[in-house]
Amino acid sequence: MASETRVKVGKLDAPKVHGLDHETLIRLYRTMYLSRRLDDREIQLKRQNKIYFQISSAGHEAITAVMGLFLRPGVDWFYPYYRDRALCLMLGVTPLENLLAAVGAKDDLSSGGRQMPSHWGHAKWNIVSKSSCTGTQFVQAVGAAEATLYYQGRPKALAQAKKAPLGEHVSHEPDEIVYVSGGDGSTSEGEFWESLNVACLKRLPLLYLIEDNGYAISVPVEVQTAGGSISKLVRGFPGLHVAEVDGTDPFESYSTCKEAVQYCRERRGPVLIHAHVTRPYSHSLSDDEKLYKSVEEREEEARRDPLSKLALVLVREGVLDQKQIESLEAEIDNEVREAADQALAAEEPSVDSIQTNVYSPEVDPASPAFESQPHFHGAPKTMVEMVAATLSDEMARDERITIFGEDVADASREDSLKHVKGKGGVFKATAGLQRKYGGDRVFNSPLAEASIVGRAIGMATRGLKPVAEIQFFDYIWPAMMQIRDELCVMRWRSNGAFKAPVVLRVPIGGYLTGGGVYHSQSGESIFTHCPGLRVVMPSTALDVAGLLRTAIRCDDPVLFLEHKHLYRQPYNRSENPGPDFTIPFGKARTVREGTDVSIITYGALVHRTEVAAAQLEREGISVEIVDLRSISPYDWEAIAATVRKTHRVIVAYEDMLSWGYGAEIAARIADELFEELDAPVKRVAAMDTFCAYQPKLEDAILPQTSHIRAAVKQLLEY
Ligand SMILES: Cc1ncc(C[n+]2csc(CCOP(=O)(O)OP(=O)(O)O)c2C)c(N)n1
Ligand SMILES: [Mg+2]
């Protein structure tokens, strides 16, 4: 907790000011003043070039400090944005911890010097690492609040989560709530609206604080928000308790926050507080508000400054006299000075530490621990049947697993399940799972991809194991920010304090006869370009079983790409290899041994390559085929071995020829194995355009066996 003031105050039965006792008022003033002085000190350090960025909480201190009176560090869960310094101080983040983040010290608890200042994160107090993105936090907070309800009903899941890596930070209390904040501008992001929808649909114990300082950098709120008031706009959400308050007034803020927190704790549903605050220090030190705010407007804002207003009340109401205020302030000034001196002397992170916490340091999915033998049973299953079977086995083992996405449930109206077969996904990959494991574990989400991924991140951060589905790869893009800037980065940016080991299952690819541009896309290299993410793309049912299980059991986020064209083929079926069959990531499969030419491939091209190789064999040409199976990490040793063997190599893949996955493999072979090559590395890939609805056009665009055969022959001519 923030250290208590050492100024002597009256007894506890001292008179109250608008319902607040003197001790509380002094605690609030102390925190607000400390917050402002930390901002001032950072500004000074920035001007001295001792830190590199500053963004202040000035003007936001009253409502955020008051909020800290009602929320419980280490019990409730927090998604505070960058102007919540006073709240974080109330929760127990120390002045030194604030300033260690500002200087980017090695021991900065929020990020180890990886993020800008005021990007809060503190595992002990349940303050979840925050990125710079405006709005992404809202859907993650929804996921965290869903975890609250989930743990309430599933104590076994909680016990399992506590035993998993970082389990020491997994907690659940019966009346915990989740807090999330953002500025007026951030409410224009789609994720804000997506989050409200789910929060109301599920009556989540989620408390929103919208801190409206009238501007998003230079854009005034009447240009940002239709009608200029976010609280007016959201009043139609069913079950959402909405309050509007002068956030510079601690007394108004007190009764509003008290009521709001109580509403949430009593599980009556979500709350949104719309607090009007000020922003006296421009957007950040990189901004000068004099460029767009008039003198009159700035003077009017200065009159509403929460700090000077509260100081006046304290003196007027006899809580502290002027001398006591001065001595309190001197004491805090001293505290800030000492903290700054300590922070400036703190050790910086070493350059070689930069690679740590990109991935889990505890669980390596590429390690031999994931090697296993199959114990086959049952009739052969197609790839899509194997997805469902593997999910089912894993769900039986691990109650932390939740499955959600569009149409993944058997039937949302559970009464209907007695009379209908159930949907279980547009491809039936999740068929029967809701019926078997319950609607709290397998459920349909609204049609909103960013929130599917964001909610999964929130759940995973709290120790659950979401296996979410994006219905088609072609529609993953609304979730791109959640994937690239949140999912992949959570562990790294928090320097290992938080993680988001989500599995995202995504049907991908073409060869569909009639899929058209929006049901046939590839694009996996966009995701292999994201550090922190594992990307897997099996081509057989057996590999689905082994790799999906590894994806679930590892502790990193995994993009699990399921090729739609391969889902129901007869040629890649397999018997079930048993409930403990795993395959390490980054280990290729030699599909066929050969001596003349090597083909490195994955996905739908594996089978086409096999057909081409069989045809070429009849002409006396021997082709070796390597199926990468996982494409980040990938099996460089297997690639190098086959190149050393045949000295001629083709990379065959379905995505676009230019800037594609094969470009990286070809470049690395040329770079590191140049001496081994008897001919240039060839690529066989799709045309640099889109797949078409008309099958003849799609066939012309995507690589075919004839292209592979031609490439092999061309290579042999060298
Ligand atoms: C997704 C995204 N878009 C743009 C930005 C750049 N940016 C940072 S803060 C900000 C304005 C935010 O305004 P508001 O939500 O009102 O918060 P305030 O800073 O006023 O407290 C913008 C545009 C960003 N960080 N993230
Ligand atoms: Mg704003």
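Residues numbered from 1 in each chain as written. Chains lettered and ligands numbered in written order. Predicted model: local features only at pLDDT ≥ 70, side-chain atom pairs only at ≥ 80, totals over all residues. Heavy atoms only, no water.

Topic: the side chain of Glu146
Here comes step 1: Along the chain, the position of Glu146 falls in helix H5 (residues 136–153).
Here comes step 2: A polar contact of 2.8 Å, which involves the side chain of Glu146, links it to the side chain of Lys202.
Here comes step 3: Sequence-distant contacts of Glu146, that is, excluding residues within four places in its chain, are made with Lys202, Leu204, Phe443, Arg455 and Met459. (Helix = DSSP H or I, 4+ residues; strand = E, 2+ residues; numbered from the N terminus. Polar contact = N/O pair within 3.5 Å; in protein donor to acceptor, adjacent residues only side chain to side chain. Contact = heavy atoms within 4.5 Å.)

Considerations on unusual backbone geometry
Here comes step 1: Pro633 follows Ser632 through a cis peptide bond whose omega is 5°.
Here comes step 2: If you trace the backbone, Pro633 turns up in the loop between strand S19 (630–632) and helix H22 (636–646).
Here comes step 3: Phi is positive for Arg203, close to 50°, though the residue is something other than glycine.
Here comes step 4: With respect to the helices, strands and loops of the structure, Arg203 is situated in the loop between helix H7 (190–201) and strand S3 (206–212).
Here comes step 5: Residues other than glycine seldom take positive phi values, yet Lys428 does so here, at roughly 70°.
Here comes step 6: Classification of Lys428 by relative accessible area gives partly exposed; the value is 33%. (Buried < 20%, exposed > 50% of the residue type's maximum accessible area, 1.4 Å probe, protein only.)

Some points on the pairing of S3
Here comes step 1: Taking burial as the measure, the seven residues of S3 include seven buried ones, the bulk of the element.
Here comes step 2: What you see with S3 is no split at all: Leu206, Tyr208, Ile210 and Asp212 on one side and Leu207, Leu209 and Glu211 on the other are buried throughout.
Here comes step 3: The pairing of strand S2 (residues 178–183) with S3 spans six bridges and is classified as parallel. Bridge pairing links Gly183 to Glu211 in S3. (Pairing = 2+ DSSP bridges.)

Observations regarding the site of ligand 1
Here comes step 1: As a structural note, the neighbourhood of ligand 1 is formed by 17 residues, with Tyr81, Tyr82, Arg83, Gly185 and Tyr215 the closest of them.
Here comes step 2: Ser132 places a polar main-chain atom, nitrogen or oxygen, 2.8 Å from a nitrogen atom of ligand 1.
Here comes step 3: Measuring from an oxygen atom of ligand 1, one finds a side-chain N or O atom of Asn213 at 2.9 Å.
Here comes step 4: Protein contacts shield 74% of the accessible area of ligand 1, which totals 580 Å² for the unbound molecule. (Near = heavy atom within 4 Å. Areas by Shrake-Rupley, 256 points an atom, 1.4 Å probe, with all protein chains shown as cover.)

Quick look at the environment of Gln704
Here comes step 1: Along the chain, the position of Gln704 falls in the loop between helix H24 (695–701) and helix H25 (705–716).
Here comes step 2: Spatially, the C-alpha atoms of Gln704 and Thr689 are 16 Å apart, while their sequence positions differ by 15 residues.
Here comes step 3: What Gln704 contacts, discounting residues up to four positions off in sequence, is Tyr511, Arg608 and Asp699.

Notes on the environment of Val75
Here comes step 1: Within the secondary structure, Val75 sits in the loop between helix H2 (61–70) and strand S1 (77–79).
Here comes step 2: Those residues in contact with Val75 that lie beyond four places of it in its chain are Asn126, Glu173 and Glu176.

Considering the packing of aromatic side chains
Here comes step 1: Following the criterion strictly, the structure yields 19 aromatic pairs and no others.
Here comes step 2: Each ring, one from Phe472 and one from Tyr475, has its centre 5.8 Å from the other, and the planes form 80°; the classification is edge-to-face.
Here comes step 3: For Phe472, a relative accessible area of 12% translates into the label buried.
Here comes step 4: Overall, Tyr475 belongs to the partly exposed group, its relative accessible area being 30%.
Here comes step 5: An aromatic cluster is present here, built from Phe138, Phe192, Trp193, Tyr208 and Phe237 joined pairwise through their rings.
Here comes step 6: Its end group placed over the ring of Tyr359, Arg534 keeps NZ or CZ at 3.8 Å from the ring centre.
Here comes step 7: A cation over a ring is seen here: Arg668 above Trp636, with NZ or CZ 4.1 Å from the ring centre. (Phe/Tyr/Trp six-rings, centres within 6.5 Å; stacked < 30°, edge-to-face > 60°. Lys NZ or Arg CZ within 6 Å of the ring centre and 35° of its normal.)

Honestly, it's all geometry; don't read function into it.
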